[in-house]
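Survey of secondary and tertiary structure
The lines below spell out each chain.
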Amino acid sequence: MVDWSWWVTLRDPRDIWMKHPTLILNELAFYVVALLSLKHAVRNGGRWKYLWVATIIHGLTTEAVSYFLPDVDSFWHAQSSVMLLGKRLPLHIVFLYPIVIYQAYAAVSCLGLPWWAEPFAVGLGDLLIDVPYDIMGIKLLWWTWHDTDPNIYDRHYWVPWTSYIFHMSFACSFVFLINLGRKIKDTCVQRDEVASGVTHLQRLCFKPCSTDGSRIVAIAMDRELGAEEIEELRDAFKEFDKDKDGLIGCKDLGNCMRTMGYMPTEMELIELSQQINMNLGGHVDFDDFLELMGPKLLAETADMIGVKELRDAFKEFDTNGDGEISTTELREAMKKLLGQQIGHRDIEEILKDVDLNGDGRVDFEEFVRMMSR
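Residues numbered from 1 in each chain as written. Predicted model: local features only at pLDDT ≥ 70, side-chain atom pairs only at ≥ 80, totals over all residues. Heavy atoms only, no water.

1. Remarks on the side chain of Asn26
- By the element assignment, Asn26 lies in helix H3 (residues 21-44).
- With a relative accessible area of 7%, Asn26 lands in the buried category. (Helix = DSSP H or I, 4+ residues; strand = E, 2+ residues; numbered from the N terminus. Buried < 20%, exposed > 50% of the residue type's maximum accessible area, 1.4 Å probe, protein only.)

Shown next as structure tokens:
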């Protein structure tokens, strides 16, 4: 017969309130903040839901293993209202992980760091949240550490330095595995799309109208997207994927949108930037890009200026075909457009306004920005 008392033990919260009030307040605070984190994950969907669940699994596994390894089993928790594993693990401690790691991850995602750099930043963020909590926990007797264990002898405000290193390194490793898994998943999806000839945009805009999928019918904007249009969208994305890692930053998204003829307002760009920073780690892959822009672009199709048209216009300016518009080429193009010669000072003013990198020439990205004004 299973002895459930080893797995789960309950304690009357009123008794805790009488004898150890800060412990029950700490416990309640954990549940509230963990639920708020869960609300954020559910509201934003996608990887955030999986991240929240993964932090729970990570916390439960890490804590449980700690009680069975002699070199790590050097601390004891105060008895809270719900205790697990032979009264060693308080339930609310499991929710420490979606609080600390999840919050640190959400904050770091606003920085727009590369996927491989995020784990180190999350580790530091985890430490910043954990340090005051660890110090306060010792002071208020939420747990205690072994007094003579040499592994935890060196301490900072009664907290072993190894505890800080533990939290920082585990958070870093956890996020690295999460990001690596997402990177591998995206690579596999892209490879499958190439092999099958079906892109994410086709899945976004079309669905089978029969169970065997033999007939594909357009459900977006009552028309079917052609292969050239799909390639045009992909080309627009690749144009701003400077380092060819399959990602573009939120700063480049506005320019990328303009290459497709969709002219966003400043407010729309601010809203998109906030959404990308909070939900997508400050950068978007092609799938994220389509999820964000697919409906907008389909709705604006009638008014769109495509990449082809913009490139054709760029070639009219770039008479020598070197991929950049010089001062001379800009002056000649303006003369054709306006029917009169443009002064050197006016040309310099135009260049000053659109020449973002200050090289005295206009590349395609700068040309797109100029044409969208």
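2. Examining the sheet that holds strand S3 (residues 82-84)
- If you trace the three strands from one edge of the open sheet to the other, you get S1-S3-S4, paired in antiparallel fashion. Looking at the sheet topology across the chains shown, the edges are occupied by strand S1 (8-10) and strand S4 (89-90).
- Summarising the sheet, S1 and S3 pair through three bridges and their orientation is antiparallel. Looking at S3, one finds that Thr9 is bridged to Met83. (Pairing = 2+ DSSP bridges.)

3. Some words on the pattern of salt bridges
- If you walk through the whole model with that rule in mind, you get six salt bridges.
- Taking the shortest distance from any N to any O, the salt bridge between Lys19 and Asp15 comes out at 3.2 Å. Taken together, the positions of Lys19 and Asp15, both in helix H2 (residues 13-19) and four residues apart, correspond to about one turn of that helix.
- A relative accessible area of 26% means that Asp15 is categorised as partly exposed. (Salt bridge = Lys/Arg side-chain N within 4 Å of Asp/Glu carboxyl O.)

4. Side note on the nonpolar core
- If you look at the biggest cluster of nonpolar residues, it comprises 47 residues, and the most contacted ones within it are Trp48, Leu89 and Tyr133.
- Within the residue set of this core, elements represented by two or more residues are H3, helix H4 (47-66), S3, helix H5 (91-94), helix H6 (96-109), helix H7 (118-139), strand S5 (143-145) and helix H8 (161-196).
- Among the elements that line this core, the one with the most residues is H6, at ten residues. (Core = buried A, V, L, I, M, F, W, Y, C linked by side-chain atoms within 4.5 Å.)

5. Notes on the environment of Ile56
- You can see Ile56 is positioned in helix H4.
- For the pair Ile56 and Phe95, spaced 39 residues apart in sequence, the C-alpha separation works out to 6.5 Å.
- Contact partners of Ile56, with chain neighbours within four places excluded, come to Val94, Phe95 and Pro98. (Contact = heavy atoms within 4.5 Å.)

6. Topic: the packing of H3 against H4
- Where H3 meets H4, the axes come as close as 7 Å, and the angle between the chain directions of the two elements is 150°. Of the possible angle classes, the one that applies to H3 and H4 is roughly antiparallel. Between H3 and H4, the residues in contact are Ala34, Ser37, Leu38, His40, Ala41, Val42 and Asn44 and Trp48, Lys49 and Trp52, respectively.
- Grouping the constituent residues of the contact of H3 with H4 by class yields six nonpolar, three polar and one charged. (Axes fitted to C-alpha atoms, helices over the stretch in contact; angles between N-to-C directions. Parallel < 35°, antiparallel > 145°, perpendicular 65-115°, else oblique. Nonpolar A, V, L, I, M, F, W, Y, C, P; charged D, E, K, R; others polar.)

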